[in-house]
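Reading the structure
Residues per chain are reported as follows:
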Amino acid sequence: MDEGSELSLSVAHVVQRLKGSHLHSQIERQAKECLHQPEIKLDSLKEDVRSFLKTAGWERKLQNSVYRELHVQPPPSHPAAPPEHLKEPLAYMRKAQASWEKRVLKSLNSMSTELGVPLARMRPAAEQKELTNKWNEMGTDEPDLSRFRPVYAPKDFLEVLVSLRNPNHDSSEDVSARSHWGLIQVPLNVRDVPQLRRAFCELNLTAGQLGIDDHAHMHPDLFENDYVQIGKKVVVDQDSAAAQQYSRQGCPTGLRADLWALILNSTNQPPDVMHYEQLKAGVIQHDLLVDNLIYKDVKLTASNDDYYFVFEDFLYQVLLCFSRDAAVLEHFKYNSATPPKSYIQGKVGDEECAVVYPPNGIIPFHGFSMYVAPLCFLYNEPSKLYSVFREMYIRFFFRLHSISSSHSGIVSLCLQFERLLQTHLPQLFYHLRQIGAQPLRIAFKWMVRAFSGYLSTDQLLLLWDRILGYDSLEVVAVLAAAVFAFRAENLMEVTSLASAEAVLADLSTLKVMPLIQIFLFATAI
Amino acid sequence: MSACTDDVKAVTCTVKPPVYLHIGETKPDAAHSGICVVDVTLPFGKPASIEEITFKNYYTASVTVRLLRRGPGQEAPAKWCTALRDLPLMDNPHTERGSQDYCTIHRTQMKAEPDHVVSVRLILRQPSSAWLTFSIGDVKIFPRAEPDPEKEVSDWLSDLTLVDQHSDLEGLPDPQTVSSSIQQMWALTEVMQTNQTSASIGRFDVDGCYDINLLSLT
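The rules behind the values
Residues numbered from 1 in each chain as written. Chains lettered and ligands numbered in written order. Predicted model: local features only at pLDDT ≥ 70, side-chain atom pairs only at ≥ 80, totals over all residues. Heavy atoms only, no water. Contact = heavy atoms within 4.5 Å. Buried area = accessible area lost by both parts, 1.4 Å probe. Salt bridge = Lys/Arg side-chain N within 4 Å of Asp/Glu carboxyl O. Polar contact = N/O pair within 3.5 Å; in protein donor to acceptor, adjacent residues only side chain to side chain. Helix = DSSP H or I, 4+ residues; strand = E, 2+ residues; numbered from the N terminus. Phe/Tyr/Trp six-rings, centres within 6.5 Å; stacked < 30°, edge-to-face > 60°. Lys NZ or Arg CZ within 6 Å of the ring centre and 35° of its normal. Core = buried A, V, L, I, M, F, W, Y, C linked by side-chain atoms within 4.5 Å. Buried < 20%, exposed > 50% of the residue type's maximum accessible area, 1.4 Å probe, protein only. Arc of directions from axis to C-beta.

As recorded in an unreviewed UniProt entry, chain B goes by Nicolin 1 and comes from Scophthalmus maximus.

Per an unreviewed UniProt entry, chain A goes by Putative TBC1 domain family member 19 and derives from Scophthalmus maximus.

**Section: the interface of chain B and chain A**
Tallying the contact residues gives 48 residues for chain B and 64 residues for chain A. Taken together, the two surfaces of chain B and chain A that pack against each other cover about 5000 Å², and 58% of this comes from carbon and sulfur. The interface formed by chain B and chain A holds zero salt bridges in total. There are 24 residue pairs in polar contact (both at pLDDT 80 or more) connecting chain B and chain A. Looking at the side of chain B that touches chain A, the elements with two or more residues in it are strand 4 (50-58), strand 7 (102-106) and helix 3 (175-193) of chain B.

**Observations concerning the packing of aromatic side chains**
Taken as a whole and assessed by the stated rule, the structure comprises 35 aromatic pairs over all chains. Between the aromatic rings of A:W181 and A:Y430, the centroid separation amounts to 5.5 Å while the plane-to-plane angle is 65°, which identifies the pairing as edge-to-face. With A:W181 in the loop between helix 8 (154-162) and helix 9 (193-199) and A:Y430 in helix 18 (residues 426-434), this pair connects stretches of sequence that are 249 residues apart. Directly above the ring of A:W58 sits A:K61, whose terminal nitrogen or CZ lies 4.6 Å from the centroid. Cation over ring: B:K56 sits above B:Y102, and NZ or CZ is 5.4 Å from the ring centre.

**Topic: the nonpolar core**
The biggest cluster of nonpolar side chains holds 203 residues, and the ones touching the most others in it are A:Y357, A:F389, A:W446, A:M447, A:F484 and B:V120. When residues of this core are assigned to their parent elements, the largest contribution, ten residues, is made by helix 21 (residues 474-486) of chain A. Setting aside chain neighbours within four positions, we find A:W446 in contact with A:F451, A:Y454, A:A480, A:V483, A:F484, A:L504 and A:L507. In this structure, A:L23, A:C34, A:L45 and A:L53 belong to the second largest nonpolar core, which totals ten residues.

**A few points about helix 18 of chain A**
All names here are of chain A. Taken as a whole, helix 18 has its buried residues at L428, F429, H431 and L432. Here the buried residues of helix 18 occupy an arc of 165° about the axis, which is enough to place them on one side. For helix 18, the exposed residues set more than 90 degrees away from the buried face come down to Q427 and Q434. Lining the buried residues of helix 18 we find helix 17 (410-424), helix 19 (439-448), helix 21, helix 22 (488-492) and helix 23 (497-503).

Now the structure itself:
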């Protein structure tokens, strides 16, 4: 496909997606109303309406919407390529994802059968009323969740990734200095330090960073004051692309909520609030088995965390509604995963009665609520919090728990972490390998959660600023390697996996930006 | 993307099995070959003009296209020429990116005009020892769409073309500007009326019912 037709195809896709959206009808209404204005002349109608819309800020809103669509647009595909190729081009990865999904579904089915709890049930009227009254304090409920167990934990998923093999890959050569020492044995393209230096050039030692140059010892006039002024200007301008570029050097605490909402083009207009209310109605009406998994997960993770336990109620309000949101199904076009399917009772095989379960197609696993918890520090209105979380999930978080060859996918991140470690800290890697402490076994749980729950919240938010700014999760793999580099001396002295885990158990005192900066820009190549 | 592939069918051609080349004698346990030749012959006696060649890659790092062309005269000898040399299919031969992609080679990418082609030779290269095998699949050759011969349709279409007439219009606004502004207003109202929503409705149940069976494992 040549560039010209690729571009027209992209444009056509974006137009199709924006047609009929709330923004579309708002702009139409504005265009109709502005015809009353005296400065709109008949003979230059088109240009006058256009410039009116521009000065009133509608062109900027449209630009932001287009920018958002480009983020979630699947890459241009060959006309002969089937839809599954778009989700994941490598056949063996599709197969691995499909068999992993089958395992998860079997597990959920047996949970339902063994416990005698249906996958979904309509709540009786009295129960619906009770839930509506208790909506803002679902955390006070103490349901009996002892019978429920998470469908899977990150370490189960890690075993699947470790066993991934390309049937066409020649692994007959013996393990040597040239081969890969880590657990991931698929040859994906991952970037090394020189390439990362070019890609993450704004994190250079010579550029100011929030997380480094806003330290108490530094005078704010040296960097911070000016940087915050620029941030305020970006928020006033309401420019999505500018906000994304700005976020690469960090977001000031006071502006972060607005900047992230701008980058994600996450609005809180009446239709969004209405959509959230509709989801809430879905929660009230039907009780799903996955709801218990969500309750259990929140109780086990966020409620036990010193930083996040206060947000327990918010987490239920977001995650239960998330499960009911059929709009999330759209992201499966570019996600290698497939939503689970079921049929209405008694109508098995009748495609008219086929449904997706849960409605959003995503089965939560142990730790899932940690994707939402940090956002509670930024947004206190449930529909806004929901809107931002959903957008972050369909852009980033879904890649952390599905098998794909994407450069931001968890498989690539694991491989990148191992490669960075083997290339730049070979002695450490070799030592850990010898004592049976493969580094990935320790770092995997950090990466699957994008470090949520392991770093202190201000540091985590600085990390997530860069994820948004660079539209990539690679910075998570870089940080994992940087943490090992930081604690290398202690790690060289341990003699077992358990003691290696102990050295890396507490990351709450770490400052992420200096670690990343030193690893990328101060490591000798 | 070529609109042609929707309407035009691929030429029925014979794709010969790939031939892997080795240096010296072919020993069964020799190192993997890094070069492979796939010959695609067009139907005998019907040389074609090629619009594009499509195929599915399987771990080939680069491809060279050679064409056997026979001049228009019956007695003209057929000659081989290189149409495209070393087009990269995988940007790093040792890693996965591009290894299973669908590819198209368009005539505009070729150095030699792919007309009167009798046979196409695809030379595949995979220098990396990381892979057990490499090849391409699903090779299709799409011929150039012939321009339509003169038909009655084009005749009456040309009669409908507006002829520029300078009529005597003193004091009246230029009909072109009036008609274009009326067109613009009409277009605006049309746009406002059509309201095809691509936004989903969002219901997850079937007529209010969500009592489901167990999850489907197929």
